[in-house]
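Listed here are the chains, written in short residue letters.
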Amino acid sequence: MQAALRVYNTLSRAKEDFNPLAPPFVGMYVCGPTVYNFVHLGNCRTFTSFDIVYRYLTHLGYRVRYVRNITDVGHLVGDADEGEDKIAKKARLENLEPMEVVQRYTNNFHQVMAQLNNLPPSIEPTATGHLLEQIEMVQSILANGLAYVANGSVYFDVHKYRQQHAYGQLSGRVVDELQANSRELDGQAEKRNPEDFALWKNASPEHIMRWHSPWGVGFPGWHLECSAMSSKYLGQTFDIHGGGMDLKFPHHECEIAQSVGHCGHEPVRYWMHANMLTVNGARMSKSAGNGILPVELFTGQHPLLEQAYSPMTFRYALLQTHYRSTMDISNEALKAAQKAYRRLMNGLRAAKLLQYPADLSGPAEVQAATATETEQLVAAVYAGMNDDFNTAVALAALLEMLKKINSLHNQQVPLAHYSQASFEQLRNTFVTFVEQVFGLRDETSSDLPQMLEVMLGIYRQAKQNKNYGQVDELRTRFRQLGIVVKDMKDRIDWAYEE
Ligand code: AMP
Ligand code: ZN
């Protein structure tokens with residue numbers, strides 16, 4: 001039916017036809033959050049991008065096993081093999097048990113994902129729940145001669161690995177550059193070469209997150225969990241691995257090396273990376289201190305925000321940008337997204353209200369023309385999504401459909417200009433993409449429509465009675481609810497104020 005889906009593979013730096021290993025099954029792994037802090041809007045951008053990938057693949061009929069982990073140990077403050085564990089540090093500062101920190105921020109993460117209408121993954125494994133698998137993987141890499149033990153820690157031997165395999169292909173980095181950039185960090189003295197990375201770290205006495213291992217008491221390296229958990233749930237080769245652009249190096253580069261070191265081949269067929277959300281051109285990050293939290297956005301309580309923006313306004317704003325482009329957050333862009341989102345919701349409501357009468361017939365040539373036009377619009381939506389999930393293009397096509405739906409709803413175009421089949425194609429594609437693929441939902445309280453019906457009854461009565469004082473007052477009340485009342489020829493209609 002539709003043209004083949006093409007996805008951009010970060011590894012090959014090209015768009016490739018998407019051919020799952022074992023169709024209709026698709027395995028997708030996305031690196032989840034390190035739960036030592038609240039997720040910020042940048043993190044939300046990456047997770048929402050992959051939610052759309054998940055939703056679209058499911059819509060196309062694939063059976064996706066979507067694994068998104070929770071990093072609850074091993075991610076050190078320096079992002080490399082240096083410093084304290086991020087979670088342990090937070091626990092120390094707040095005088096909490098590390099798992100209390102983990103639970104608190106995992107709960108926050110789930111709450112935010114639900115607010116943004118991101119679907120839960122099929123499996124959400126934690127690093128601490130998979131220590132045995134991680135230890136087994138270290139043993140296997142050691143047995144294959146690509147790691148060494150030093151002082152109770154185990155390091156991946158990048159130097160030796162490079163003699164047999166390419167390293168740095170995903171990120172495009174060369175090892176000479178990596179060596180030049182590496183500083184004298186914790187554990188560096190134990191390493192044979194500065195580019196080596198930790199698979200398992202010996203825990204110093206003050207390190208509170210610690211487990212027994214064949215090499216003594218310690219904790220796993222950050223990169224290891226994703227290799228162990230992805231292969232456990234998706235197999236040694238799987239279809240898609242995703243994350244934010246900043247994870248390409250070192251995290252994903254190390255994942256590739258670990259898997260090759262363990263089973264001899266690359267784990268992932270399509271690497272996909274979401275680009276960064278920026279604030280005034282700078283990447284939003286927890287450490288840079290420019291992170292805007294979802295709650296700050298939803299309440300407008302942030303110095304950079306002129307007003308509150310709802311979760312669906314933010315989701316809509318994300319959809320307006322292709323996931324591989326950077327996106328700068330601004331009041332202007334968010335206000336435009338708010339308007340456009342409301343327009344789309346009005347269209348959604350209109351589309352659902354439209355009914356095609358059983359005995360309707362119309363001029364054949366006109367119906368043929370609208371049929372062609374509808375086919376083209378539907379094809380344009382799919383063409384956008386099939387071009388590496390380009391939601392910006394697909395959304396633009398969807399807005400063209402919205403115009404058609406609005407003209408049917410406003411009765412500018414009679415329904416008889418459409419055959420029943422074309423009308424249903426138009427309406428169903430529109431509703432399905434808005435709700436199921438793009439995951440946009442109407443945010444207004446569910447009892448608003450019933451309440452409006454009552455108010456509209458009073459409004460109608462006031463008009464009949466020519467009680468214009470009351471009519472004006474009711475109009476003001478509607479406006480306070482963000483509703484505009486429209487006097488149509490044969491009825492009274494309402495819409496959200498745009
Ligand atoms: P973290 O919890 O820091 O490991 O981040 C969770 C996810 O958010 C990772 O996939 C990161 O790549 C991604 N991420 C972090 N900062 C941004 C940003 N500014 N824009 C988009 N994604 C981001
Ligand atoms: Zn990961």
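Just so you know, these numbers come straight off a predicted model, no measurement behind them.

Chemist: I keep staring at the overall build of the chain and nothing clicks. Help me out?
Modeler: When you go through the chain residue by residue, the secondary structure sums to 16 helices and 16 strands. Here the C-alpha coordinates of the chain stretch approximately 90 × 50 × 35 Å along the principal axes. Relative to its 498 residues, the chain shows a buried fraction of 52%. The contacts of the chain with a sequence gap of at least 6 include a subset with a gap of at least 24, amounting to 74%. Carbon and sulfur atoms form 50% of the exposed surface of the chain, whose accessible area is close to 21,800 Å².

Chemist: When you look at unusual backbone geometry in this model, what are you seeing that I'm missing?
Modeler: Excluding glycine, a negative phi dihedral is what most residues carry, and trans is how most peptide bonds are arranged. Put simply, P23 and P24 share a cis peptide bond, and its omega is 5°. Among the secondary structure elements, P24 is positioned in the loop between β2 (14-17) and β3 (25-30). Here the residue pair F249 and P250 is connected by a cis peptide bond, since its omega of 0° sits within 30 degrees of zero. Of note, P250 is situated in helix α8 (residues 248-263). Residues other than glycine seldom take positive phi values, yet N117 does so here, at roughly 65°. Tracing the backbone shows N117 in the loop between α3 (98-115) and α4 (131-143). Here the phi dihedral of F389 falls at roughly 55°; this positive angle occurs in a residue that is not glycine. Residue F389 is classed as buried on the basis of its relative accessible area, which comes to 2%.

Chemist: Can you walk me through empty space enclosed by the protein in this structure?
Modeler: Any empty space left between the atoms is revealed when a probe the size of a water molecule rolls over them. For the coordinates displayed, the defined rule picks out 4 cavities of 30 Å³ or more. Put simply, the largest cavity is a space of about 120 Å³. Every residue lining the largest cavity is listed: R45, T48, S49, I52, L318, L319, T321, H322, Y323, F389 and T391. Of all elements in the fold, only α1 (41-59) and α10 (311-319) reach the threshold of two or more residues within the lining of the largest cavity. With 4 residues, α1 is the largest single contributor of residues to the lining of the largest cavity. For the lining of the largest cavity, the per-class residue count stands at 5 nonpolar, 5 polar and 1 charged. Viewed by domain, the lining of the largest cavity spans two of them, domain 1 (21-274) and domain 2 (279-437), each represented by three or more residues.

Chemist: How do you make sense of the sheet that holds strand β14 (residues 327-329) when you look at a structure like this?
Modeler: As a general point, the strands of a sheet are linked pairwise by backbone hydrogen bonds and lie either parallel or antiparallel. Across the sheet, 3 strands lie side by side as β13-β12-β14; this open sheet has mixed pairing. What marks the edges here is a single partner per strand, and that holds for β13 (282-283) and β14. Bridge analysis of strand β12 (residues 277-279) against β14 gives 3 bridges, and the strand direction is parallel. If you follow L277 over to β14, its bridge partner there is M327.

Chemist: Mind showing me how you'd approach the site of ligand 1 here?
Modeler: Among the 17 residues in the neighbourhood of ligand 1, the closest are listed as G42, T46, D246, L277 and M284. Within the contact set of ligand 1, a nitrogen atom lies 3.0 Å away from a backbone nitrogen or oxygen of G42. At 2.8 Å from a nitrogen atom of ligand 1 is found a main-chain nitrogen or oxygen belonging to L277. For ligand 1, the accessible surface in isolation is 490 Å², of which the surrounding protein chains cover 94%. Here ligand 1 is seated within the largest pocket. Going through the elements one at a time, α1 and β10 (238-244) are the ones with two or more residues in the shell around ligand 1. When residues in the shell around ligand 1 are grouped by element, the largest group, 4 residues, is from α1.

Chemist: I tried to follow the sheet that holds strand β5 (residues 147-150) on my own but got confused; where do I start?
Modeler: Strand order across the open sheet formed by 5 strands is β5-β6-β7-β9-β8, with antiparallel pairing between neighbours. Both edges of this open sheet fall to β5 and β8 (211-213), since each of them pairs with a single strand only. The mean inter-strand angle of the sheet, taken between neighbouring strand axes irrespective of direction, is 35°. The sheet contact formed by strand β6 (residues 153-156) and strand β7 (residues 197-202) spans 3 bridges and is antiparallel.

Chemist: Explain the side chain of S153 here, please?
Modeler: Within the secondary structure, S153 sits in strand β6. Residue S153 is classed as buried on the basis of its relative accessible area of 1%. With residues near it in sequence (within four places) discarded, S153 still touches Y148, E190, W200, K201 and N202.

Chemist: Would you explain the coordination of the zinc ion (ligand 2) in this entry?
Modeler: In this structure, C31 (SG), C226 (SG) and H251 (NE2) serve as the protein donors to the zinc ion (ligand 2), at separations of 2.0 to 2.2 Å. Here the donor residues of the zinc ion (ligand 2) share one chain and are spaced in sequence as C-x194-C-x24-H. Linking C31 in the loop between β3 and α1 with C226 in helix α7 (residues 222-234), this pair joins segments that are 195 residues apart in sequence. For the pair shown, C31 and C226 are each scored as buried.

Chemist: Just checking my understanding: could you explain α3 for this structure?
Modeler: Structurally, the α-helix is built with 3.6 residues per turn, so residues lying three or four positions apart point the same way. Spanning 18 residues, α3 covers 26 Å between terminal C-alpha atoms, matching the ideal 26 Å at 1.5 Å per step. Within α3, burial applies to P98, V101, V102, Y105, T106, N108, F109, V112 and M113. Down the axis of α3, the smallest arc covering the buried residues is 160°, so these residues share one side. Tucked into the core, α3 has its buried residues touching α1, β4 (63-68), α2 (86-94) and α9 (294-299). Where α3 ends, the next residue or the one after it, N117, has phi of about 65°, a positive value.

Criteria and cut-off values
- Residues numbered from 1 in each chain as written.
- Chains lettered and ligands numbered in written order.
- Predicted model: local features only at pLDDT ≥ 70, side-chain atom pairs only at ≥ 80, totals over all residues.
- Heavy atoms only, no water.
- Helix = DSSP H or I, 4+ residues; strand = E, 2+ residues; numbered from the N terminus.
- Buried < 20%, exposed > 50% of the residue type's maximum accessible area, 1.4 Å probe, protein only.
- Contact = heavy atoms within 4.5 Å.
- Areas by Shrake-Rupley, 256 points an atom, 1.4 Å probe, with all protein chains shown as cover.
- 1 Å grid on protein atoms, 1.4 Å probe; cavity = no way out; pocket = protein on both sides within 12 Å on 5 of 7 lines; lining within 4 Å.
- Points joined across faces, edges and corners; volume = space filled by probe spheres on them.
- Nonpolar A, V, L, I, M, F, W, Y, C, P; charged D, E, K, R; others polar.
- Domains from an automatic or database assignment.
- Pairing = 2+ DSSP bridges.
- Near = heavy atom within 4 Å.
- Polar contact = N/O pair within 3.5 Å; in protein donor to acceptor, adjacent residues only side chain to side chain.
- Sits in = over half its atoms within 2 Å of the grid points.
- Axes fitted to C-alpha atoms, helices over the stretch in contact; angles between N-to-C directions.
- Donors = N, O, S within 2.8 Å, 3.2 Å for Na, K, Ca; no water.
- Expected span 1.5 Å × (residues − 1).
- Arc of directions from axis to C-beta.

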